Every structure is written in C-alpha cells, then in structure tokens.
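Observations on chain architecture
Listed here are the chains, written in short residue letters.
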Amino acid sequence: HVLCSVSDNIKLEILDYYKLNECRYSFSVCRIEPENNVDMILEAFAISGQELVFVGNWDRSEYGRILRNKYSSISNIHILNSIYDITTLYVLRSNCAFYIHGHSAGGTNPSLVEAMFFGKPIIAFGVIYNKETTEGKANYFLSINDLVNILKCPYSDFFVNANNMYEIANRCYKWEHIA
C-alpha cells in the first residue's frame, strides 16, 4: 500500500482539469468488462443525476465503446480513459465522496483494497468476496435500483462505512500483516 503526498496546488490543478469539486463525485476505476457491472453503474448514475467519474479502457472492446457512446453525453457522468499517473489517480480517489466497485468475478480485488485505504465510503456489488473483503461493512447493490436507492441516502449515513473501510484496510491489508 502506497499513498503519495500531493500539494494543495497540484490537487486543485487536477480537480480543475477534470472540472470536479472535492467530495462531490463518486469514483470508479476498472477494466470495462460486463462482469464489472459497468452498464449497471452508469445507468444508476444517469437516473440519480449524481456526479460520477469512471476511469477505464473504454475503447478496448465493443462493450466499452457502446457504453461510452451511450453515456458520454450525460453531463453528470465523466468517462475517462485509463489513467496510469499515480498522482492523478491519488487525487481522484482521495477527493471523491464514494468509491463505486462493480466487480462480480475474481475474488479479492486490488482496486477495492486500495480504495479502502482512503477512508471513503465503499458501495460495492453484493457478491461474497466483496462482502468478505469489506467484512460486510460497506454498502452493497445488486441492481440499478439498489444503487440508485443507496445514492439517495444522506451523506452522513456513510460516515461509519468510511471509518470501517479505513480500519479494515489498516488491520488486514498492510504488507506487515500480509507477509
């Protein structure tokens, strides 16, 4: 687990570049594949009207291109190509309101564990390994409607979730513990 340190100027520069306000958007990053429930997440945010920043390899498959074409004109959804710059990813992750995790296959996912270290509320697809990774203390969705309803909750309802994610990450997922 590595977190970088970023000056306020760089943070504001990156947020301004993407036209984002601190803690006013949800963030998701993944390979754009059906098993990551990308379409479900995008549709839920299109319905909710809440801001979403979604980073992925949109042009790698027909599935990604179709979703990009369908949702890129929706003003509250920011579809970004893959980002490999650690500082940019750090700023986008550390300044979001929620981390949205749609993975439904493959076991414990590194992007979920990384997100937990930021102490942000996690809203994850409700499969067993996401629940195990987060010890059942995140919020979970299985449908578009589930996600829309979670997003309607007041932000203050998520403070416990955020604190739990940070505590679990530090207790279970640091190299000292894993090794």
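The following paragraphs examine the structure supplied in this document.

Now for the pattern of salt bridges. Evaluated as defined, the whole model comprises eight salt bridges. Its salt-bridge partner being R68, residue D59 comes within 3.2 Å of it at the nearest N-O pair. Judged by its relative accessible area of 17%, R68 falls in the buried class. Within this structure, R31, E33 and E35 form a network of salt bridges that share partners.

We now examine the side chain of K11. Note that K11 resides in helix α1 (residues 8-17). For K11, a relative accessible area of 16% puts it in the buried group. Apart from residues no more than four positions distant in its own chain, K11 is found in contact with V6, E22, V91 and N95.

Before going further, it helps to examine the packing of helix α2 (residues 38-48) against helix α3 (residues 62-71). Two numbers describe how α2 lies on α3: the axes approach to 11 Å, and their chain directions differ by 5°. Put simply, α2 runs roughly parallel to α3. Between α2 and α3, the contacting residues are V38, D39, L42, E43 and A46 on the first element and Y63, L67, K70 and Y71 on the second. Taken together, the residues of the contact of α2 with α3 sort by class into six nonpolar, no polar and three charged.

Cut-offs used in this document
- Residues numbered from 1 in each chain as written.
- Predicted model: local features only at pLDDT ≥ 70, side-chain atom pairs only at ≥ 80, totals over all residues.
- Heavy atoms only, no water.
- Salt bridge = Lys/Arg side-chain N within 4 Å of Asp/Glu carboxyl O.
- Buried < 20%, exposed > 50% of the residue type's maximum accessible area, 1.4 Å probe, protein only.
- Helix = DSSP H or I, 4+ residues; strand = E, 2+ residues; numbered from the N terminus.
- Contact = heavy atoms within 4.5 Å.
- Axes fitted to C-alpha atoms, helices over the stretch in contact; angles between N-to-C directions.
- Parallel < 35°, antiparallel > 145°, perpendicular 65-115°, else oblique.
- Nonpolar A, V, L, I, M, F, W, Y, C, P; charged D, E, K, R; others polar.

As far as function goes, none of this settles anything; it's purely spatial.
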